[in-house]
Amino acid sequence: MQVVAVDIGGTHARFAIAEVAHGKVVSLGEPVTQKTADHASLQTAWQAFAAAHDGPVPSAAAISVASPITGDVIRLTNNPWVIRPSLIPERLGCDAYTIINDFGAVGHAVAQLPAKDFVHLCGPDTALPEEGVTTVCGPGTGLGVAQVFKTGGAYHVLPTEGGHTDYAPLDTIEDALLKRLRKTYTRVSVERIVAGPGIVAIYETLAEMEGRAVPSRDDRTIWTEALDGSDSIALAALDRFCLSLGAVAGDLALSHGAKGVVIAGGLGLRIKDRLLRSGFDQRFVAKGRFQSLMAKIPVKLITHPQPGLFGAAAAFAQEHPEA
């Protein structure tokens with residue numbers, strides 16, 4: 001059966017045609033990416049995809065959304081679209097649909113993708129567990145978090161809002177970062193640091209500590225300068241970002257009782273080489289009395305180019321096993 005897989009984030013909406021059968025994803029077609037700012041709603045973005053598609057689109061939808069899925073009014077966390085699930089059949093012309101939190105979708109991808117779609121980051125170089133919990137987290141426009149629970153050959157995905165837990169500084173630089181952010185936010189969550197836009201606050205804090213003028217730069221510029229090495233403060237901010245990601249991933253694993261961890265998201269893939277040599281691993285295990293326990297957890301990076309689309313299709317396949 002063919003379905004339209006949709007992955008809606010804060011900045012982009014991605015569409016692809018997927019083939020599913022017997023609860024699994026058989027194939028995923030070439031993705032089409034649209035800017036959410038260019039469309040008034042999911043319906044108009046869907047229509048644009050359908051108009052550009054060669055032939056009729058399937059009448060089934062697998063939709064991943066960067067928001068909690070509660071009730072019949074879904075307001076995206078970092079996107080002004082509003083989605084009403086009860087209207088999806090009418091608005092999109094669908095006979096069947098699945099709608100899932102974006103990192104819930106990534107959880108489905110983690111559960112169904114083969115080992116070749118992951119690279120080892122730290123911990124023992126072993127496969128992800130076939131029993132128990134795997135924590136999935138990833139920085140993008142926000143910080144997505146989910147759990148994959150495997151038991152008896154089956155799996156269950158538990159979407160969470162773990163990216164909104166409290167930020168805990170671990171040294172004087174991070175104390176200064178928290179102090180700076182608290183001027184704007186009464187409560188500082190980990191997403192304010194460990195997500196794409198968080199690089200701005202890190203950059204500004206480090207520049208201020210150096211006694212340098214703090215230039216106004218957006219996160220995209222700082223990421224570009226960090227990754228090409230053209231700005232030393234931006235590069236230092238990237239290193240600090242990786243340290244913080246390691247600490248947060250470790251906190252989540254400890255909270256979830258995880259036996260494995262997967263870092264996901266397009267940004268995670270972009271900084272793969274930096275993660276491998278940044279101190280991410282030391283921060284991940286630095287949990288006091290539980291350091292030896294943390295050192296036993298394999299940590300992977302998902303390398304599939306479209307885990308959100310693949311995972312949305314996998315969620316549909318699990319919910320509609322007759323497909």
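Each remark here, short or long, concerns the structure printed above.
*Asks:* How should I be thinking about the packing of aromatic side chains in this particular structure?
*Replies:* Any aromatic ring pair is given by two values, namely how distant the centres are and how the planes are angled relative to each other. Considering all chains together, one arrives at three aromatic pairs under this definition. Relative to F49, the ring of F15 lies with its centre 5.1 Å away and its plane at 15 degrees, an arrangement referred to as stacked. With F15 in strand 2 (residues 12-21) and F49 in helix 1 (residues 42-52), this pair connects stretches of sequence that are 34 residues apart. F49 matches F15 in its accessibility class, with the two residues each being buried.

*Asks:* Help me understand the nonpolar core in this model?
*Replies:* Note on soluble globular proteins: their nonpolar side chains tend to be buried together. The biggest cluster of nonpolar side chains holds 48 residues, and the ones touching the most others in it are I193, F241, I263, I271, F280, F284 and V299. Ranked by the residues each element gives to this core, the list is headed by helix 7 (residues 232-256), at 11 residues. Dropping the residues within four chain positions of it, I271 is found in contact with W223, L227, L238, F241 and C242. Of all hydrophobic cores here, the second largest spans 32 residues; its members include A5, A60, V106 and V262.

*Asks:* Sorry if this is basic, but what is going on with the environment of L245 here?
*Replies:* Within the fold, L245 resides in helix 7. Owing to a relative accessible area of 0%, L245 belongs among the buried residues under this scheme. Residues L245 and I263, spaced 18 residues apart in sequence, show a C-alpha to C-alpha distance of 9.3 Å. Sequence-distant contacts of L245, that is, excluding residues within four places in its chain, are made with P139, V194, I263, L275 and F280.

*Asks:* Could you clarify how one ought to interpret the pairing of strand 10 (residues 132-139) in this entry?
*Replies:* Looking down a regular strand, the side chains alternate between one sheet face and the other. Of all eight residues in strand 10, eight are buried, a share of seventy percent or more. Bridge count for strand 10 against strand 11 (residues 143-151) is eight bridges, and the pairing is antiparallel. Its bridge partner lying in strand 11, G138 is registered against G144. Where strand 10 hands over to strand 11, the hairpin turn is made up of three residues, counted between the paired strands. In this sheet, strand 13 (residues 260-263) lies alongside strand 10 in parallel orientation, the contact comprising four bridges. Paired with T135 across the two strands is V261, which belongs to strand 13.

Rules behind the numbers
- Residues numbered from 1 in each chain as written.
- Predicted model: local features only at pLDDT ≥ 70, side-chain atom pairs only at ≥ 80, totals over all residues.
- Heavy atoms only, no water.
- Phe/Tyr/Trp six-rings, centres within 6.5 Å; stacked < 30°, edge-to-face > 60°.
- Helix = DSSP H or I, 4+ residues; strand = E, 2+ residues; numbered from the N terminus.
- Buried < 20%, exposed > 50% of the residue type's maximum accessible area, 1.4 Å probe, protein only.
- Core = buried A, V, L, I, M, F, W, Y, C linked by side-chain atoms within 4.5 Å.
- Contact = heavy atoms within 4.5 Å.
- Pairing = 2+ DSSP bridges.

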